[in-house]
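# Summary of the model geometry
If you want the building blocks of each chain, they are given just below.
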Amino acid sequence: QVQLVESGGGLVQAGGSLRLSCAASGRTFSSYAMGWSRQAPGKGRELVAAISRSGGNTYYADSVKGRFTISRDNAKNTVYLQMDSLKPEDTAVYYCAAGTSMATLVYWGQGTQVTVSS
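Since the structure is predicted, the reported quantities are computational estimates derived from the model, not experimental observations.

### Observations concerning the overall build of the chain
- Counting its secondary structure elements, the chain contains zero helices and 11 strands.
- The secondary structure elements of the chain, listed N-terminal to C-terminal, are β-β-β-β-β-β-β-β-β-β-β.
- For 118 residues, the compact-globule estimate of 2.2 N^0.38 gives 13 Å, and the C-alpha radius of gyration of the chain, at 13 Å, lies within 12% of that figure.
- In terms of overall dimensions, the chain has C-alpha extents of about 40 × 25 × 25 Å along its principal axes.
- Considering the chain as a whole, with its 118 residues, one finds that 42% of them fall into the buried category.

Right, here's the structure in full:
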């Protein structure tokens, strides 16, 4: 089992940037693929980015491609989501996730709120 704690959310104006962090504890961090999902009010959860165990492969949803960057530091047991050129439609609760592959993310954090004002 792995425990995930997100941080870095907040309120930002459209066009601004935020960097989310997710600290992991438990089993060896490098054995997990990691990802970030989000859920806006009244909508389903959307996987926005994922990264392989080594960091060599990444996935981005079309809605964030070119604006968001996922990265990981296995020495610090942390995964990051750099969010640039933020839009009001990026407003959501962002969740960190872990799993055995980018397609099977089954462990979730508590989430951090990101609000983008227009």
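### Points about the side chain of Arg 38
- Mapped onto the elements, Arg 38 comes out in strand β4 (residues 33–39).
- At 2.9 Å, the side chain of Arg 38 and the side chain of Asp 90 are in polar contact.
- At 3.0 Å, the side chain of Arg 38 forms a polar contact with the side chain of Tyr 94.
- Not counting the four nearest positions on each side in its chain, Arg 38 is found in contact with Gly 44, Arg 45, Glu 46, Val 48, Ser 63, Val 64, Phe 68, Glu 89, Asp 90, Ala 92, Val 93 and Tyr 94.

Conventions we followed
- Residues numbered from 1 in each chain as written.
- Predicted model: local features only at pLDDT ≥ 70, side-chain atom pairs only at ≥ 80, totals over all residues.
- Heavy atoms only, no water.
- Helix = DSSP H or I, 4+ residues; strand = E, 2+ residues; numbered from the N terminus.
- Rg over C-alpha atoms; globule rule 2.2 N^0.38 Å.
- Buried < 20%, exposed > 50% of the residue type's maximum accessible area, 1.4 Å probe, protein only.
- Polar contact = N/O pair within 3.5 Å; in protein donor to acceptor, adjacent residues only side chain to side chain.
- Contact = heavy atoms within 4.5 Å.

Keep in mind these numbers describe shape, not what the thing actually does.
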